[in-house]
There are 2 protein chains.
Amino acid sequence: MKSDDIKEAALKYFTIHGYEGASLSQIAEEVGMKKQSLYAHFRGKDDLFLQVLHDAKETELLSKLQYFSNLRSSQPEEDLYGFLQLIVDLFQQNEQLKFWLRMSFFPPAHLQKEVDLEVIDIEEKTQALLQEKFRKWINEGLLHAEHPRIPTLAFFGVVDSIMLELVYMSDTKRLQEKLEASWKVFWRGISIR
Amino acid sequence: MKSDDIKEAALKYFTIHGYEGASLSQIAEEVGMKKQSLYAHFRGKDDLFLQVLHDAKETELLSKLQYFSNLRSSQPEEDLYGFLQLIVDLFQQNEQLKFWLRMSFFPPAHLQKEVDLEVIDIEEKTQALLQEKFRKWINEGLLHAEHPRIPTLAFFGVVDSIMLELVYMSDTKRLQEKLEASWKVFWRGISIR
DNA sequence: AGATAACTTACGAACGTTCGTTAATCAGAG
DNA sequence: CTCTGATTAACGAACGTTCGTAAGTTATCT
């Protein structure tokens with residue numbers, strides 16, 4: 001499918017240069033066609049962008065849901081640390097997560113409304129899922145007793161900081177060091193004494 | 001000074017629309033002049049951007065250095081939590097921190113080198129400063145004994161996640177809740193039991 | 001003080017280029 | 001023949017930048 005090639009190229013340039021900085025000529029050239037030909041597949045730049053955005057969001061959401069549904073054991077230490085590693089892996093496999101991160105925090109001004117809808121959707125779902133996990137773990141006495149919303153929000157904080165580090169990353173060693181440090185302190189902060 | 005008005009307007013549009021999305025016409029219009037007149041003050045768009053960037057970095061660096069040098073007491077709990085509040089205050093006072101955050105993580109591609117130099121500079125200085133603080137606190141037995149680099153990196157992680165939340169922020173209540181949660185877990189993770 | 005020179009700031013006009021988009025045309029496949 | 005997808009051509013609009021110029025300010029010298 002040629003549309004997928006276009007979306008792949010668009011993802012790349014949107015990620016590097018942002019919405020305004022990415023030009024349809026570049027994207028078209030990447031897939032070996034003229035920019036006017038893109039209009040056979042998409043209604044325009046906005047349409048292309050929103051489809052790429054939706055795809056990126058869906059794959060990210062799916063990856064996270066799959067990770068949590070494939071957990072057999074109830075071992076918060078492994079499960080949570082594994083989730084952080086999942087984020088790192090996703091970042092290095094596809095460009096989609098980096099694109100998603102950039103656009104969810106710095107969306108093109110005239111599409112902020114549409115972007116926000118996607119952001120809110122994925123956030124509510126993952127947060128509800130994780131908070132439920134924490135609720136169980138706390139009830140089972142595996143974690144420090146407190147309202148599950150607290151470790152949930154704190155963990156998303158760790159995830160966010162790791163993603164930011166992944167964006168900036170020049171060096172894998174530095175990333176791993178920061179991940180270990182954040183995880184160590186976080187785990188000590190939620191585990192039972 | 002008219003140059004300052006221009007830089008102020010430029011900061012605003014760079015923050016909202018990014019480098020590529022901000023146009024000199026808009027910036028000029030904001031200060032009540034034509035875009036050609038900007039060239040009496042700056043050599044071009046890149047020059048304007050880099051000056052705004054440098055100013056933003058300097059004020060942020062200065063704010064952080066001042067905060068740490070004005071600490072009289074050796075009370076990590078107050079000092080660290082106060083630093084988080086400082087970040088929140090800086091974000092709501094000036095636009096500069098939001099601009100800085102956006103550009104340090106998603107710089108215009110052709111200026112990445114120049115931006116990186118500023119980022120590395122501010123990061124090295126603040127990190128060295130904070131790590132020294134942690135070293136002292138740990139030596140005084142006020143914090144959990146470990147290599148000071150660990151709580152330093154973890155704390156910067158908390159700071160980053162708070163800043164991301166400030167960028168996204170639609171709601172002050174949500175921000176405060178996330179800040180409290182991250183702080184609670186972080187503090188429990190580094191304090192002595 | 002008054003005249004002159006130099007510098008600063010702003011403007012209109014125009015430059016060449018690129019942008020996203022539309023329309024007409026054409027090749028190839030079912 | 002029809003339909004899908006790609007092309008060429010062309011569009012108005014906006015981009016950053018340069019030029020020449022005019023007005024205002026400052027500095028220098030007699």
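What this report covers is the structure whose coordinates are included nearby.

What counts as what
Residues numbered from 1 in each chain as written. Chains lettered and ligands numbered in written order. Predicted model: local features only at pLDDT ≥ 70, side-chain atom pairs only at ≥ 80, totals over all residues. Heavy atoms only, no water. Helix = DSSP H or I, 4+ residues; strand = E, 2+ residues; numbered from the N terminus. Contact = heavy atoms within 4.5 Å. Areas by Shrake-Rupley, 256 points an atom, 1.4 Å probe, with all protein chains shown as cover. Lys, Arg positive; Asp, Glu negative; His and termini not counted. Charge placed at Lys NZ, Arg CZ, Asp CG, Glu CD. Near = heavy atom within 4 Å. Polar contact = N/O pair within 3.5 Å; in protein donor to acceptor, adjacent residues only side chain to side chain. Nonpolar A, V, L, I, M, F, W, Y, C, P; charged D, E, K, R; others polar.

Attention now goes to the overall build of chain A. What chain A contains, in helices and strands, is eight helices and zero strands. Taken from the N to the C terminus, the helices and strands of chain A come in the order α-α-α-α-α-α-α-α. Each principal axis of the C-alpha distribution contributes one length, and for chain A these read about 65 × 35 × 30 Å. Relative to all contacts within chain A whose residues are 6 or more apart in sequence, the contacts with residues 24 or more apart total 68%. As presented, chain A carries roughly 9000 Å² of accessible surface, and 51% of it is formed by carbon and sulfur atoms. Chain A carries 24 positive and 30 negative side-chain charges, and their two centres are separated by 2 Å.

Our focus in this paragraph is the protein's contact with DNA strand D. Near DNA strand D you find 15 residues, and of these A:Gln36, A:Ser37, A:His41, B:Tyr39 and B:Lys45 are the closest. Protein-adjacent atoms of DNA strand D, using a 4 Å cutoff, are sugar or phosphate at a proportion of 53%. At 2.7 Å from a phosphate oxygen of DNA strand D is found a side-chain nitrogen or oxygen belonging to A:Ser37. The class makeup of the residues in the surface near DNA strand D is four nonpolar, seven polar and four charged.

A separate point is the protein's contact with DNA strand C. Around DNA strand C, the structure places 15 residues, and the nearest of them are A:Ser23, A:Lys35, A:Tyr39, B:Gln36 and B:His41. In DNA strand C, atoms within 4 Å of the protein come 50% from sugar and phosphate. A:Ser23 places a polar side-chain atom, nitrogen or oxygen, 2.9 Å from a phosphate oxygen of DNA strand C. Within the side chain of A:Tyr39, an N or O atom sits 2.7 Å from a phosphate oxygen of DNA strand C.

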